[in-house]
Amino acid sequence: MSLTELTIADAAAGLRARKFSAVELVRAHTDAIAALNPRLNAYITTTSDAALQAAAHADEALAKGEARPLSGIPLGIKDLFCTSGVRTTAASNILKNFAPPYESTVTANLLRDGAVFVGKTNLDEFAMGSANITSAFGPVENPWKRKGDDAALVPGGSSGGSAAAVAAGLAMGATGTDTGGSIRQPAAYCGIVGLKPTYGRCSRFGTIAYASSLDQAGPMARSVQDCAILLQSMAGFDVRDSTSVNCDVPDYSAATGRSLKGLKVGIPAEYRAEGLSTEIEAAWQQGIEWLKAAGCEIVDVSLPHTKYGLATYYIVAPAECSSNLARYDGLRFGERVPGDTLDAMYEATRRAGFGPEVRRRIMMGTYVLSAGYYDAYYLKAQKVRSLIRRDFTESFQQVDLLLTPTAPTPAFAQGEQSDDPVQMYLNDIFTVPASMAGMPAMSVPVGLGATGLPLGLQLIGRPFDEETLLAAGSALEAAAGFTHRPALRAEVAK
Amino acid sequence: MSYTLEGRTGTWEIVVGLEVHAQVISHSKLFSGASASYGGEPNTHVSLVDAGFPGMLPVLNRECVAQAIRTGLGLRARINLESRFDRKNYFYADLPTGYQISQFTHPIVGEGTVEIELADGTVRHIGITRLHMEQDAGKSMHDQDPTRSFIDLNRAGVALMEIVSEPDIRSPEEAGAYLRKLRQILRYLGTCDGNMEEGSMRADVNVSVRKAGEPFRTRCEIKNVNSIRYVMHAIEVEATRQIEVWENGSEVDQETRLFDPSRNETRSLRSKEDAHDYRYFPDPDLLPLVVEQAWVDELERALPELPDDKRDRFVRQYGIPRYDASVLVAEQAIADYYEEVAKGRDARLAANWVTGDLFGALNRTGRTITDSPISAQALGGMLDLVSDKTINGKIAKEVFEDMLETGDSAADIVERKGLKQVTDTGAIDAAVADVLARNADKVEEYRGGKDRLFGFFVGQVMKAMAGKANPAMVNEALKKVL
């Protein structure tokens with residue numbers, strides 16, 4: 001098997017058994033990036049030289065028997081995580097020359113555990129989007145193709161670069177951030193596993209904020225086990241993030257093999273929404289059967305406020321983003337565009353610095369927070385958010401986890417939905433409620449649709465019970481036997 | 001007697017509420033570990049959090065919270081065990097993040113009260129609406145260079161307490177008394193140095209006027225007034241302006257104004273129409289602030305004695321007049337000095353010396369109690385010499401002046417100058433006899449009923465004895481002979 005197709009677990013074992021060196025492993029990935037990234041555009045910034053150096057150090061550590069859990073493992077880092085001395089853009093013009101002098105907690109944790117960063121992956125600008133088409137550095141192409149159709153497909157968003165890189169073998173795993181589905185939906189579109197942990201499980205320190213009360217970092221990889229390994233490193237309490245939660249990080253890898261016997265799995269009626277494709281409906285049914293076979297009891301549940309999820313999200317997230325992005329005023333970040341007055345300078349700078357989707361959300365957020373509208377929109381949305389959270393809390397008194405589709409459709413082609421923002425927002429209809437409630441959720445690929453594109457199912461768990469998600473995810477993974485690979489990938493590029 | 005202003009149409013009273021911004025004394029800023037000390041080269045007390053760098057998150061500083069609670073306790077106010085931080089969003093060049101983190105809907109301190117005393121002895125209680133914590137802004141200048149902005153973020157993120165009064169203030173004098181009292185309390189508590197020149201305490205003044213018995217009329221806010229004297233001036237000037245507006249048949253617009261002390265006028269800064277829409281919402285980076293009652297109790301137990309309590313105790317313990325006690329507790333250092341002097345001595349005499357000669361000397365030499373040229377021990381030593389009759393009151397003044405100049409102890413000075421009081425009856429009788437002999441005519445007049453001359457004889461005897469005679473003994477000797 002080629003080095004770019006290994007799982008992290010297998011690669012870590014191979015490195016320890018000296019079957020190959022970290023330099024060989026990392027070089028296989030940097031070569032793949034050199035060959036495929038010009039087309040996929042999965043990376044905004046590549047750090048191949050530094051990665052090879054880090055790989056050499058990893059080899060020394062391995063030789064001395066001082067290897068860490070991720071020593072020599074090549075990872076892609078979403079370009080929303082600040083990495084010390086390495087350009088961090090949030091896929092925005094306003095940060096296109098920003099090299100932070102500090103390291104985010106999540107990436108610092110991965111570095112501590114020996115990981116090698118091969119580059120900064122593309123995303124929707126400031127993580128705002130569901131198709132990775134709003135990046136100031138151009139869209140990312142999904143490495144998958146529809147049967148008999150060469151149209152460039154979207155990888156999903158906002159962590160589309162991470163998803164594409166992992167699917168195509170340009171990284172063994174990657175970090176993503178999920179605000180309303182930005183890990184799970186691209187994972188589903190690209191046929192990989194993506195896990196959004198409980199809000200507060202991973203520190204947000206050093207992660208460029210989109211919507212602070214929703215943003216959560218998580219792993220993306222080609223297996224459930226790999227996600228467990230990555231989350232093990234990323235998670236943990238951080239005094240520098242007041243919303244990070246001080247509770248022990250369990251052994252996630254151990255959870256992946258756990259039996260599902262006696263587990264109750266809820267099927268929320270409200271997720272049989274309009275516009276759900278029949279093949280996804282079928283995949284969902286198949287998932288239910290697999291979990292039954294693994295010993296789970298299936299329970300019908302109701303999350304009655306699901307229908308308000310998306311509307312609520314598009315009040316809360318833009319409100320927070322309008323505030324979080326106010327710091328980009330042209331005085332300290334990005335190109336300053338002159339103006340006759342200070343206000344004119346702000347306006348010109350922000351017009352040039354932010355793309356249309358970011359501007360749209362800033363405007364929406366400013367509107368819903370403004371005097372006279374606050375009560376009608378923001379405050380109301382917060383109340384509905386509480387009801388959405390309560391739906392989940394009540395369901396989890398009956399069941400241990402929920403199973404739903406990840407996205408209403410498989411990946412679509414670039415340009416297919418981009419002229420209608422509201423249509424675009426519907427991609428997140430199944431992922432947003434768990435985000436609003438802060439619950440952990442993951443997407444697992446379970447099969448291919450009629451057009452040959454991957455389909456994902458979503459598991460939603462109790463707060464801080466990522467272990468049950470990982471256990472159920474690995475059962476689905478094993479049952480599905482998903483071994484399909486995308487058309488564009490490292491092995492093919494050679 | 002209430003303060004009023006006379007207009008063409010009659011008598012107006014004024015209504016004033018004050019919002020005082022008091023900078024918290026703390027080692028580090030409200031949400032970062034950067035130093036909160038004053039001064040320093042630009043941008044030397046700045047962390048990435050204060051500068052609003054991407055991905056930076058605020059972490060609340062426990063000491064700043066403790067300071068706010070102490071202040072609340074000092075203002076006899078309700079401490080809210082649960083409070084919250086909101087973001088106040090507005091584009092303002094001095095805010096690195098584009099918003100200020102401030103407590104808006106749920107402040108840490110609720111209603112309280114401050115007792116003020118006016119010159120005529122009237123005591124009034126001014127209500128406190130709330131005290132909340134917020135961040136200070138930085139400083140930026142955009143007009144120094146066509147393409148560059150100059151930014152100093154040393155102050156950005158420093159903790160402020162905004163102390164909002166009820167509109168209970170009815171005169172410039174009350175406003176001054178309130179501010180002085182507030183500053184005194186803050187200094188006692190050690191929660192704010194109250195230094196208005198350095199901007200660590202500044203006031204926004206809300207002024208309106210009304211005819212007696214009317215409800216409130218439209219108010220104007222005068223921003224950022226940085227001395228007590230200016231606050232008092234600004235109130236008068238603004239009230240006069242508003243009366244004129246009303247009496248001319250116009251309406252006072254609710255607006256923010258600026259006080260210009262050089263021209264003694266207030267000017268419009270921005271009207272309500274273009275007032276900022278602050279767009280408040282709970283800061284999602286910070287959890288609600290929950291404090292335990294046990295911690296509040298612990299902070300309360302550790303509070304220093306507050307000025308009002310100290311004043312009352314001084315009156316009780318030392319038997320000095322309330323006015324003197326008020327003067328002595330104006331600053332903690334003065335009170336400490338006084339107590340040191342009074343310890344085991346005549347407390348009234350000590351009070352007289354401290355408030356009289358010592359304050360006079362400090363005033364003359366431009367010093368404060370903390371760098372007084374005469375220490376409390378030294379002054380006490382001098383009072384001991386008065387008590388044991390080594391020197392009399394008159395000589396004491398001379399000794400005091402010498403101490404001020406030389407820094408020597410009273411005992412050394414008395415020794416050096418031979419100022420020891422004469423209590424030898426023989427010497428005094430001799431001097432009396434001599435004086436009476438030389439002033440036989442005056443003795444006649446005195447005996448003829450001109451009692452006033454007694455003082456003259458005392459003066460002559462004291463003069464003859466170079467002021468060192470015991471005055472009581474001189475009196476006695478004179479009476480006996482005369």
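The shown structure was predicted, so the numbers you read here are calculated from the model rather than taken from an experiment.

A. Broad picture of the overall build of chain B. Helix and strand counts for chain B stand at 15 helices and 16 strands. Here chain B has a C-alpha radius of gyration of 30 Å; the compact-globule value for 482 residues is 23 Å, and the former is much larger. Seen through its C-alpha atoms, chain B measures out along the principal axes to roughly 95 × 55 × 50 Å. In chain B, which comprises 482 residues, the share counted as buried stands at 52%. Here the analysis covers contacts within chain B between residues at least 6 apart in sequence; of these, 67% occur between residues at least 24 apart. By element, 49% of the accessible surface of chain B is carried by carbon and sulfur atoms, the whole surface being about 22200 Å².

B. Seen up close, the interface of chain A and chain B. Each partner contributes to the interface: chain A provides 39 residues, whereas chain B provides 33 residues. Of all residues in chain A, S242, R327 and R332 of chain A give up the largest surface area on contact with chain B, accounting jointly for 20% of the area buried on that side. Residues R204 of chain A and D285 of chain B are paired through a salt bridge, measuring 3.0 Å at the closest nitrogen-oxygen approach. Taken together, the links from chain A to chain B amount to 13 residue pairs in polar contact (both at pLDDT 80 or more). Among the secondary structure elements, those contributing two or more residues to the side of chain A that touches chain B are α10 (309-324), α11 (342-353) and α12 (356-369) of chain A. The leading source of residues in the side of chain A that touches chain B is α10 of chain A, at four residues.

C. Fine view of the pattern of salt bridges. Following the criterion strictly, the structure yields 56 salt bridges over all chains and no others. The closest approach of N and O atoms between E467 of chain A and R258 of chain A, which form a salt bridge, is 3.0 Å. Linking E467 of chain A in helix α16 (residues 466-480) with R258 of chain A in the loop between α8 (252-255) and β7 (264-268), this pair joins segments that are 209 residues apart in sequence. Take R258 of chain A: its relative accessible area is 40%, and that puts it in the partly exposed class. Among the salt bridges present, the one from D285 of chain B reaches R87 of chain B, with a minimum N-O distance of 2.9 Å. Of this pair, D285 of chain B sits in the loop between β15 (280-282) and β16 (289-290) while R87 of chain B is found in strand β4 (residues 86-89), placing the two residues 198 residues apart along the sequence. For the pair formed by D285 of chain B and R87 of chain B, the shared burial category is buried. If you follow the salt bridges from partner to partner, you end up with E115, E117, K181, D308, R311, D312 and R322 of chain B in one network.

D. Representation of the pairing of β4 of chain B in the model. Residues and elements named next belong to chain B. Burial of β4 is two-sided: the residues D86 and K88 facing one way and the residues R87 and N89 facing the other way are all buried. As paired strands, β4 and strand β5 (residues 99-102) are joined by four bridges and run antiparallel to one another. Directly across from N89, in β5, lies its bridge partner Y99. Across three bridges, β4 lies against β15 in antiparallel orientation. Within the sheet, the bridge partner assigned to K88 lies in β15 and is Y280.

Calculation rules
- Residues numbered from 1 in each chain as written.
- Chains lettered and ligands numbered in written order.
- Predicted model: local features only at pLDDT ≥ 70, side-chain atom pairs only at ≥ 80, totals over all residues.
- Heavy atoms only, no water.
- Helix = DSSP H or I, 4+ residues; strand = E, 2+ residues; numbered from the N terminus.
- Rg over C-alpha atoms; globule rule 2.2 N^0.38 Å.
- Buried < 20%, exposed > 50% of the residue type's maximum accessible area, 1.4 Å probe, protein only.
- Contact = heavy atoms within 4.5 Å.
- Areas by Shrake-Rupley, 256 points an atom, 1.4 Å probe, with all protein chains shown as cover.
- Buried area = accessible area lost by both parts, 1.4 Å probe.
- Salt bridge = Lys/Arg side-chain N within 4 Å of Asp/Glu carboxyl O.
- Polar contact = N/O pair within 3.5 Å; in protein donor to acceptor, adjacent residues only side chain to side chain.
- Pairing = 2+ DSSP bridges.

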